[in-house]
Amino acid sequence: MVKRYFVRTRDLRKGMRIDQEIENSRGHSLIVRGSYLDDYQIEALKKMNINGVYIKEGKEEEPSSSDMPVSAIAKNNIARYREEDPSKVSLSVSVKKRISEGVQHLFSNTANPHFSQTTTSITTDLMHAINDNEAIAVDISALKTSDEYTFKHSVDVATISMIVAKNMNMPQQDVYNIGIAGLLHDMGKSKIPLEILNKPGRLTDEEFDIMKQHSLLGYRIIKEKNEFNDSICFAVLQHHEKMNGSGYPMGVSADKIVPYAKILSVVDVYDALVTQRPYKKAFSQRTAVEMVMSMSAELDISAMRSFLASVILYPVDSTVELSNGEKARVVKNSEYSVLRPTVVGLTSGKVYNLAEDLNCASIVIL
């Protein structure tokens, strides 16, 4: 039985399920109804001086992996075949909070004299998070710096793009610059009318033409500051350009697109696909990766390969369901085979090397 009741903000606890939408003063959704609250969101509610919210109880959750029965042979094979994931980006609660507030500050006041300083401060935080633990991978589901799409998307694109650039052996300065470009790539959306930006349905052709202007608007915002180099500025301008010339705003092809933009384009497409918006549901990570892989004519192949080697969809020790009906534990991820890790069936103890074993060719993770 579902139960709905009011809880004062000071009494909220991590894991409670909110039964109302929380929006900011601009009408942007900050916390989606049905979300399970975390410490960061609770702190944000307190900071917004929201006295309390409605909480819903009663919906059963899937059992955690630790609650699932594991056979003796499965335990042995999990221990035998388990390999740690590559070092991943890790952001502390305090850093997430600082980054979220910084990005909101950037989008709310593009004319602020501290715009450039805030941008470099955020990028430095991300650079430290990558370098401090020598990260070469990112677990997209663990980033979460904000529940507001534009802010979250900007940080996601910046962080993943920096990892992709690092794995392409780009110099540290380029990795840093790509982080700045990622943070600012959608800055032009701050100039798009809210009724278009947050429209719950499909945009008309006229509305989409206005939306497409955000690349040029963002370019102008940062170019006029005279504090960002041309590679960063052109990355913001060209992040929707495609290798075959089918993109916008200029419709240029591969040889006219700057390297930073080629990386941003891959990451931007992926992160937009896996994020829920008012007008669409989020695609699964698996489906999003498959869609990115299908865009070989539009996206840079080198950037795509590095992206596939950088993103971890199924972290080691997570539990997944296979298409043959068995629950399994992830024990090893394979570079460039992001969709097909090695897993061990929890009941049978069978080892499924989804990336290399031809006998597993028909088996996928659901």
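Caption draft 1: Molecular detail of the side chain of Arg 329. Mapped onto the elements of the fold, Arg 329 is located in strand β7 (residues 327-332). Only 3.3 Å separates the side chain of Arg 329 from the side chain of Thr 319, close enough to count as a polar contact.

Caption draft 2: Geometry of the packing of aromatic side chains. Evaluation of the coordinates by the stated rule reveals four aromatic pairs. Ring geometry for Phe 208 and Tyr 248: centres 6.3 Å apart, planes at 80°, overall edge-to-face. Taken together, the positions of Phe 208 in helix α9 (residues 205-211) and Tyr 248 in the loop between α11 (230-238) and α12 (259-273) put the pair 40 residues apart, joining distant regions of the chain. If you follow Lys 212 out to its NZ or CZ, it ends over the ring of Tyr 248, 5.5 Å from the centre. Lys 225 extends its terminal NZ or CZ atom over the ring of Phe 115, reaching a point 4.5 Å from the ring centre.

Caption draft 3: Representation of the confidence of the model for the chain within the structure. For the chain, the mean per-residue pLDDT works out to 87, and 91% of the residues sit at or above 70. Ranking the elements of the chain by mean pLDDT puts helix α5 (residues 140-143) last with 60 and α11 first with 98.

Caption draft 4: Representation of helix α7 (residues 172-184). Here α7 contains 13 residues, and its C-alpha end-to-end distance of 19 Å stays within 8% of the 18 Å for a straight helix at 1.5 Å per residue. Considered for burial, the residues of α7 that qualify are Val 175, Tyr 176, Asn 177, Ile 178, Gly 179, Ile 180, Ala 181, Gly 182, Leu 183 and Leu 184.

Reading guide: rules and limits
Residues numbered from 1 in each chain as written. Predicted model: local features only at pLDDT ≥ 70, side-chain atom pairs only at ≥ 80, totals over all residues. Heavy atoms only, no water. Helix = DSSP H or I, 4+ residues; strand = E, 2+ residues; numbered from the N terminus. Polar contact = N/O pair within 3.5 Å; in protein donor to acceptor, adjacent residues only side chain to side chain. Phe/Tyr/Trp six-rings, centres within 6.5 Å; stacked < 30°, edge-to-face > 60°. Lys NZ or Arg CZ within 6 Å of the ring centre and 35° of its normal. pLDDT = per-residue confidence, 0-100. Expected span 1.5 Å × (residues − 1). Buried < 20%, exposed > 50% of the residue type's maximum accessible area, 1.4 Å probe, protein only.

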